[in-house]
Structure formats: C-alpha cells, structure tokens
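Per-entry structural report
The residues making up each chain are set out below.
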Amino acid sequence: MTTLVIGVDGGGTSTRCVVATESGEVAGRGYGKGANTLSAADPGASLRAALRAALGSLAPERVTGGVFGLAGAGSAPEQAEALASEAWRAAGLAGRPTVVPDMLAAFAGATEEPSGAVLIAGTGAVAARIGDRRVVRRADGYGWMLGDEGSGTWIGRRAVQAALASLDGRAAPTALRGGILGGASAQRIVSMVHQGVAEAGPAWLARLAPEVESVAGAGDAAAIAILDEAARRLVATVRSLGSGPGPLVLAGSLLTEPTLLAAKVRAGLDRGVVSVRDSAAGAAALALHGVSPRPPLDAHRRLIGQER
C-alpha cells in the first residue's frame, strides 16, 4: 500500500492542503478559509476543513507524516502547534504533524534547492533566509498591528487612512473613496472597517488591496503613493536579510500575480527571482524529506511541477 504525506499552507485569506504519494504524485487537494494564527477569524476550522476535503476517501492509516506551513507560526508557535495537532486528530490521523513558518513551505513550493531566501506579500508580509530547509533568519511578519509592512492588510489600512484624510480635508481628493468603500461618509467608513474586522479578523482590510491596485492603475496619486511605499518597504525587508547562496523566491498573491506592486518590487530588486508554484505542495515536499532516508529530489520536483 502506497504511503502518503500531507502538506498544508495556511495563510491569512485561504488554506490549501495537498495529500501526496511518496513518489510526488498529488492524491488529494482541499481548501479552507484563512488560518493565520494572528489575523484569521477561526484558523482551526479552516485547517480542519482543508484537511478533511483533501483526504476525502483516502485511508488515514496510509499517512506517515505531515507538515503545516502556517502564517503567524513564528510569532505564536504554541498556538500554531495546538491548532495543527487538533486538526490532525480530528481527521483521524496518528501521530502529529510538524509545524513550520509559511516562509519555509513557500520556498519549498518554488524550488528543490535547500537554501536561499523568500519574500511573501499576501494578507501579511514576511521575508526569510532559508538554510538547509530551515528558517535561519527572518524579517517582519509581526502581524497587522506591529508589522507586515507592504502586505495586503497594510495596503488596505493605508487606503482607509487616505480616504479619511481626503474626506476631512487633510489630503487631496482620491478615488479610494469608491470601490469597496462605496463613496461612504467618514463615519460610515469607520463603521464598515470596525464591523469587517470584527467579523472576519484584520485580514478583512486586505480585501481593499485590489481596489488600490485598480485605482492606482487609473492614475490616482494617493493609490500610487501607497503602492510605491509598499514596494519600498518590501524590498527593504528582504534586503535586510543580507546576501547568501540560492534563489530568491517571491510568494503571496500580491507578488505572484500580475500586480502593479509585483512589478514595482521586481524593479527594486537587484537580482533575479523565482515565483512560488504551490506552497501546499512545498509543505508536502518538506514532509517527504522528513520521512525519507534519502532526499527525494525527484519527488519534490514532481510535486511542485518542475520535473526534469
């Protein structure tokens, strides 16, 4: 009977799970809502839903190991461990999974190389230097209140601030009042933000990032300034790691999709980059490395779609 491993990528907006064979074939996929331990409304429920969907009718006893790459795990490791273990038990799986920061899963989802660097910008933002498939140094990733500079949440908060400043006369008019803010009054905007954060967690603010992209593309000065500053902060974050061997991986929807922010970040970097393919598959690849006596590089490449 072919054994299986599980990889989970839990971000601020969504959770993805991959079940893989020892040869690197995907046997199941599942999805859930956000699982960032610092900003998601119910990360445990998201992990359970993604895991349950990915396993489907597969026999739990075939699973020999798993890796959960969770956003916020570096800042709240005990909480991340507890959430992952509870979801693992709820799925009827024996043992317990390994929990790693989402940066490591993202890096492994782009390359089979053991060392390099990674910059993530999605709901949150963080950079890390990877050495021998371990995070050896990190920068930012401190959550929406204390850091995550240049992230979707950071951009959303800046957009709200710019709209409010425009409304009360502290700044020039901006089209950021439209879109998801609906041209509302200052009082209504404040109420909308408080309600959104209360219901969906701080990740609600990241929903404004696409509107900032759209308005900036139409030439709005305030939106362009927000994206320029976000790019500068993200570039500064990854540069703070210093130089080292291996590729630089870009991950997170703001950097892997064709956004204005991605173009600005790439223009600010002085080296080539590799975009992540599948962070959940990267987590599954890490699980394969953990259970195999020899590095399964072919299986790793097959999992992330880089067969040679």
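Our subject is the structure listed above.
Residues numbered from 1 in each chain as written. Predicted model: local features only at pLDDT ≥ 70, side-chain atom pairs only at ≥ 80, totals over all residues. Heavy atoms only, no water.

The next thing to look at is the overall build of the protein chain. When helices and strands are counted, the protein chain shows 11 helices and 10 strands. Since a compact globule built from 308 residues should have a radius of gyration of about 19 Å, the 20 Å found for the protein chain is in line with a globular shape. By residue count, 54% of the 308 residues in the protein chain fall in the buried class. Relative to all contacts within the protein chain whose residues are 6 or more apart in sequence, the contacts with residues 24 or more apart total 63%. Looking at the protein chain, you have 30 positive and 27 negative side-chain charges, and the mean spots of the two groups are 1 Å apart. (Helix = DSSP H or I, 4+ residues; strand = E, 2+ residues; numbered from the N terminus. Rg over C-alpha atoms; globule rule 2.2 N^0.38 Å. Buried < 20%, exposed > 50% of the residue type's maximum accessible area, 1.4 Å probe, protein only. Contact = heavy atoms within 4.5 Å. Lys, Arg positive; Asp, Glu negative; His and termini not counted. Charge placed at Lys NZ, Arg CZ, Asp CG, Glu CD.)

The next point concerns a nonpolar patch on the surface. A cluster of nonpolar side chains, namely Tyr142, Met145 and Leu146, defines an oily patch on the protein surface of about 420 Å² accessible area. Relative to the helices and strands, tyrosine 142 resides in the loop between β8 (135-140) and α4 (152-167). (Patch = residues over 30% accessible without salt bridge, like charges linked within 9 Å, V, L, I, M, F, W, Y side chains within 5 Å. Areas by Shrake-Rupley, 256 points an atom, 1.4 Å probe, with all protein chains shown as cover. Salt bridge = Lys/Arg side-chain N within 4 Å of Asp/Glu carboxyl O.)

A few words now on the pattern of salt bridges. Counted by the stated rule, this structure contains 13 salt bridges. In this structure, aspartate 278 engages arginine 16 in a salt bridge whose closest nitrogen and oxygen atoms are separated by 3.8 Å. You can see aspartate 278 sitting in the loop between β10 (274-275) and α10 (279-291) and its partner arginine 16 sitting in strand β2 (residues 14-21), a full 262 residues away along the chain. Residue classification places arginine 16 among the partly exposed positions, given a relative accessible area of 27%.

Glancing now at unusual backbone geometry. Positive phi outside glycine occurs at aspartate 132, with the angle close to 55°. You can see aspartate 132 is positioned in the loop between β7 (125-130) and β8. On the accessibility criterion, aspartate 132 (54% relative accessible area) is exposed. Of note in this structure, aspartate 148 is not a glycine but carries a positive phi near 55°. The topology assignment puts aspartate 148 in the loop between β8 and α4. With a relative accessible area of 8%, aspartate 148 lands in the buried category.

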